[in-house]
Amino acid sequence: MPYYQTWEEFARAAEKLYLTDPMKVRVVLKYRHCDGNLCIKVTDDAVCLQYKTDQAQDVKKIEKLHGKLMRLMVSKESGAMEMD
Amino acid sequence: MVLLENDSFLTELTRLFQKCRTSGSVAITLKKYDGRTKPVPRKGHPESYEPADNKCLLRASDGKKKISTVVSTKEVIKFQMAYSNLLRAHMDGLKKKDKKSKSKKTKATQ
C-alpha cells in the first residue's frame, strides 16, 4: 500500500478517485497524539491511496480535503454530470 | 455503534480525542450515504428504499468506543465549521516546522 510523498499528488489522486465512484469511496483519518502523527487513506476497496505526516502544517491541508470531500458527498451530483 | 445527532457526535468526538491524548489513536471514517436502512435485497426482490443523494456518514472510534452521525446538505455548513475547528484544535501534537531553530541546532552541534 503506497504512501504518497507529496500532498499535492495525494490530494489530486484522492479527488479523482472519489469522482469515479462516489458511493464506493471512503475516507479514513487516523490520528495518534502519543506518536504525533496523522494518516489519511482514501480507498474504493480496489485502489488505496495513503498519506502520512507528522507535520502540523499538514493538519490544515488534510482537514480542508476532508471538508471538501464531505461537501461533495452531500451535494447533488453536479460536478461530473450536468443537470438537465 | 451509536448513531448520534450532529451536535452530540461532535461532543463525543471531543471526548474521544481527549481520552486518546496519552495513548491510542482516533480513527475517523467519512463515506457517502444514500439513506438505506435495510440491507441490499437479493436478486429478484424489489428495492424498498428511496435513494437519497445528499447525505454522508461519519464514523469515529478510539478502538473501543464507536460513534457515528449522518450529515445532510442542510447541516453540512454548520457541522463542517464546528468539525474543522475541532480537528484543528485537537490535532496539535504534530511537529511544527521551524527552520530557524533547526539550523541553529545543527550549528551548535558542529
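Residues numbered from 1 in each chain as written. Chains lettered and ligands numbered in written order. Predicted model: local features only at pLDDT ≥ 70, side-chain atom pairs only at ≥ 80, totals over all residues. Heavy atoms only, no water.

Chain B is annotated in an unreviewed UniProt entry as Signal recognition particle 14 kDa protein from Coregonus suidteri. Per UniProt, the comment on chain B under Subunit (unreviewed entry) is "Heterodimer with SRP9; binds RNA as heterodimer. Component of a signal recognition particle (SRP) complex that consists of a 7SL RNA molecule of 300 nucleotides and six protein subunits: SRP72, SRP68, SRP54, SRP19, SRP14 and SRP9." (UniProt positions renumbered as here; feature names shortened; annotations may be inferred.)

Where an unreviewed UniProt entry is consulted, chain A appears under the name Signal recognition particle 9 kDa protein, with the organism given as Hucho hucho. The heading Sequence similarities (unreviewed entry) in the UniProt record of chain A holds the text "Belongs to the SRP9 family." Checking UniProt for chain A, the heading Subunit (unreviewed entry) contains the comment "Heterodimer with SRP14; binds RNA as heterodimer. Component of a signal recognition particle complex that consists of a 7SL RNA molecule of 300 nucleotides and six protein subunits: SRP72, SRP68, SRP54, SRP19, SRP14 and SRP9."

(A) Expanded view of the interface of chain A and chain B. With 34 residues of chain A in contact, the opposing surface of chain B contributes 38 residues. Of all residues in chain A, the largest losses of buried area upon contact with chain B belong to Tyr31, Met70 and Val74 of chain A, amounting jointly to 22% of the total for that side. At the junction of chain A and chain B, the tally comes to two salt bridges. Notably, a salt bridge pairs arginine 88 of chain B with glutamate 63 of chain A, separated by 2.8 Å at the nearest N-O pair. Seen at the junction of chain A and chain B, the total is 13 residue pairs in polar contact (both at pLDDT 80 or more). (Contact = heavy atoms within 4.5 Å. Buried area = accessible area lost by both parts, 1.4 Å probe. Salt bridge = Lys/Arg side-chain N within 4 Å of Asp/Glu carboxyl O. Polar contact = N/O pair within 3.5 Å; in protein donor to acceptor, adjacent residues only side chain to side chain.)

(B) Examining unusual backbone geometry more closely. Residues and elements named next belong to chain A. A positive phi angle is found at aspartate 45, which is not glycine, with a value near 70°. As for its position among the elements, aspartate 45 is in the loop between strand 2 (37–43) and strand 3 (48–53). What makes aspartate 45 exposed here is its relative accessible area of 58%. (Helix = DSSP H or I, 4+ residues; strand = E, 2+ residues; numbered from the N terminus. Buried < 20%, exposed > 50% of the residue type's maximum accessible area, 1.4 Å probe, protein only.)

(C) Inspection of the UniProt feature "domain: SRP9" (unreviewed entry) in chain A at higher detail. Mapped onto the present numbering, the UniProt feature "domain: SRP9" (unreviewed entry) falls on residues 5–73 of chain A. Helix makes up 46% of residues 5–73 of chain A and strand makes up 29%, while its end C-alpha atoms are separated by 26 Å.

(D) Molecular detail of the pairing of strand 3 (residues 55–61) of chain B. Residue and element names in this part refer to chain B. Strand 3 sits mainly inside the fold: five of its seven residues count as buried. Bridge count between strand 2 (residues 26–33) and strand 3: seven bridges; the pairing is antiparallel. Paired with lysine 31 across the two strands is leucine 57, which belongs to strand 3. The pairing of strand 3 with strand 4 (residues 66–72) spans seven bridges and is classified as antiparallel. Directly across from leucine 58, in strand 4, lies its bridge partner threonine 69. (Pairing = 2+ DSSP bridges.)

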